[in-house]
Amino acid sequence: MLKRSLLPLLTLCGLLGATLPAHSQALTPYVLPLDYDLMTEQGQFLANEAQQLAEFQQFGRALALAQLAAQLAPNDGQVLALLGGLYLQNSEVDKALPLLEEARTLLPENARVLFALGSAYLQQDNPQLASSYLEQGLQIEPNNPSALFDLGNTYFKLGQYPQAIAQFEQSVAAEPDFWPSVNNIGLVLYEQGEAQRAVEYWRSSLELAGNEPEPKLAIAAALHAQENCGVAVLRASSAACQEALRLGTEALEQDSRYADIEFLKTNLWGDRLLTSTSAFFEVPDIKALIAEL
């Protein structure tokens with residue numbers, strides 16, 4: 001706000017002298033001082049409310065509350081980290097990163113902030129920086145399955161396959177039902193040419209995940225390539241080829257995004273598996289299904 005000078009008005013009053021009525025003296029409005037401690041407290045309260053909404057998957061309302069909380073408590077690392085995490089959840093990485101970096105400055109030893117930064121830089125396709133933040137966080141909180149999973153993904157993107165599998169295995173050791181790590185061991189193995197072992201991991205992942213489309217489509221693409229299902233006679237007679245058609249159809253009907261090769265790349269499907277998947281998409285029944293999605 002621009003504060004206006006009262007000097008011209010006072011000068012004018014002096015020139016007019018006694019002729020100016022007493023009730024026309026200039027009045028300075030009283031401005032209440034801000035209670036920054038109270039504002040911070042209110043911001044923290046709103047941040048807690050936003051956290052609870054996020055836990056119930058109400059991300060839109062959570063984000064609105066967290067934005068207000070950050071305005072009231074701009075120097076609270078926990079509040080900034082929450083808002084950055086919600087932006088990250090909403091795939092708004094460019095908005096998330098400055099908030100998370102500021103939160104890291106305020107909370108340099110907070111593992112969750114470091115994990116969030118690692119995830120953000122992984123989404124920005126910067127696996128080197130992502131791995132640095134994740135490794136720092138894991139020194140503080142070594143058995144976090146999600147962070148171990150993300151670190152495995154950074155090594156996978158860097159082509160460091162043994163290290164990637166080791167991190168995925170540690171993630172599963174920390175949380176045996178963590179199906180994404182089981183699934184991604186299959187992705188790594190397939191790129192190493194171990195198709196049969198990859199399928200075994202995807203089947204295990206599907207057992208843990210219940211009805212997830214990703215392992216279904218991966219199994220379908222692998223079986224189609226292994227069993228020479230591109231040959232119509234084999235596709236019609238082979239039980240494995242029939243299973244490939246069934247699983248692939250289920251996966252694509254569940255989530256049409258899996259028909260998009262670019263979407264599969266963002267899910268770390270490697271070149272070898274993408275080649276097999278592209279061939280599977282040329283199966284007449286699958287090709288017709290994709291055209292309808």
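Being a predicted model, the structure only gives us computed values, none of them experimental.

Counting 48 residues, the largest nonpolar core has Trp202, Leu217, Trp269 and Phe280 as its most contacted members. Among the elements that make up this core, the one with the highest residue count is helix H12 (residues 213-226) (seven residues). Ignoring any residue separated from it by four or fewer positions in sequence, one finds Phe280 in contact with Leu217, Ala220, Ala221, His224, Ala244, Leu245, Gly248 and Ile286.

Mapped onto this numbering, the UniProt entry annotates "repeat: TPR" (unreviewed entry) at residues 77-110, 111-144 and 145-178. As annotated, residues 111-144 has a helix share of 79% and a strand share of 0%, and its two end C-alpha atoms lie 10 Å apart.

A separate point is unusual backbone geometry. With a phi close to 60°, Ser91 is a non-glycine residue in the positive phi region. Checked against the element boundaries, Ser91 lands in the loop between helix H4 (77-89) and helix H5 (93-106). Given a relative accessible area of 56%, Ser91 falls into the exposed group. Even without glycine at this site, Asn228 takes up a positive phi of about 55°.

This brings us to the pattern of salt bridges. The tally for this structure, following the rule as stated, stands at 11 salt bridges. Lys157 serves as the salt-bridge partner of Asp125, at 2.7 Å between the closest nitrogen and oxygen. With Asp125 in the loop between helix H6 (111-123) and helix H7 (127-140) and Lys157 in helix H8 (residues 145-157), this pair connects stretches of sequence that are 32 residues apart. Classification of Asp125 by relative accessible area gives exposed; the value is 52%. Residue Lys157 is classed as partly exposed on the basis of its relative accessible area of 36%.

Our next topic: the state of the cysteines. This structure, assessed with the given rule, holds one disulfide. The disulfide partner of Cys229 is Cys241, and the gap between their sulfur atoms is 1.9 Å. Across the S-S bond of Cys229 and Cys241 the torsion is about -90°, and the bridge reads as left-handed. Of this pair, Cys229 sits in the loop between H12 and helix H13 (232-237) while Cys241 sits in helix H14 (residues 239-254), and the two are 12 residues apart along the sequence.

Take helix H11 (residues 195-209) next. In an α-helix, one turn spans 3.6 residues; hence positions three or four apart end up facing the same way. Across its 15 residues, H11 extends 20 Å between first and last C-alpha, which sits within 8% of the 21 Å expected from 1.5 Å per residue. For H11, the full list of buried residues reads Ala195, Ala198, Val199, Trp202, Ser205, Leu206 and Ala209. Buried positions in H11, seen along its axis, are confined to an arc of 120° and lie on one side of it. For H11, the secondary structure elements touched by its buried residues are helix H10 (179-191), H12 and helix H16 (271-280). Trailing H11 by a residue or two, Gly210 shows a phi angle of about 85°, which is positive.

Under the defined criterion, the tally for this structure stands at seven aromatic pairs. Between the aromatic rings of Tyr258 and Phe263, the centroid separation amounts to 5.0 Å while the plane-to-plane angle is 85°, which identifies the pairing as edge-to-face. This pair shows no difference in class: Tyr258 is buried, exactly as Phe263 is. One aromatic cluster in this structure is built from Phe149, Phe168 and Phe178.

Two numbers describe how H10 lies on H11: the axes approach to 8 Å, and their chain directions differ by 165°. One finds that H10 runs roughly antiparallel with respect to H11. Note on packing geometry: the crossing formed by H10 with H11 is left-handed. When H10 is examined against H11, the residues Trp179, Val182, Asn183, Ile185, Gly186, Leu187, Leu189 and Tyr190 are found in contact with a partner set consisting of Ala195, Arg197, Ala198, Tyr201, Trp202, Ser204, Ser205, Leu208 and Ala209. Its residues assigned to classes, the contact of H10 with H11 shows 12 nonpolar, four polar and one charged.

For the rest of this paragraph, the subject is H12. For H12, which comprises 14 residues, the first-to-last C-alpha distance of 20 Å matches the rise-based estimate of 20 Å (1.5 Å per residue) to within 8%. Extensive coverage of H12 is indicated by the burial of 12 of its 14 residues. Of all the positions in H12, only Pro213, Glu214, Pro215, Lys216, Leu217, Ala218, Ile219, Ala220, Ala221, Ala222, Leu223 and His224 are classed as buried. Contacts from the buried residues of H12 go to H10, H11, H14, helix H15 (261-266) and H16.

Calculation criteria
Residues numbered from 1 in each chain as written. Predicted model: local features only at pLDDT ≥ 70, side-chain atom pairs only at ≥ 80, totals over all residues. Heavy atoms only, no water. Core = buried A, V, L, I, M, F, W, Y, C linked by side-chain atoms within 4.5 Å. Buried < 20%, exposed > 50% of the residue type's maximum accessible area, 1.4 Å probe, protein only. Helix = DSSP H or I, 4+ residues; strand = E, 2+ residues; numbered from the N terminus. Contact = heavy atoms within 4.5 Å. UniProt positions renumbered as here; feature names shortened; annotations may be inferred. Salt bridge = Lys/Arg side-chain N within 4 Å of Asp/Glu carboxyl O. Disulfide = S-S within 2.5 Å. Expected span 1.5 Å × (residues − 1). Arc of directions from axis to C-beta. Phe/Tyr/Trp six-rings, centres within 6.5 Å; stacked < 30°, edge-to-face > 60°. Axes fitted to C-alpha atoms, helices over the stretch in contact; angles between N-to-C directions. Parallel < 35°, antiparallel > 145°, perpendicular 65-115°, else oblique. Left-handed = near helix turned anticlockwise from the far one by under 90°. Nonpolar A, V, L, I, M, F, W, Y, C, P; charged D, E, K, R; others polar.

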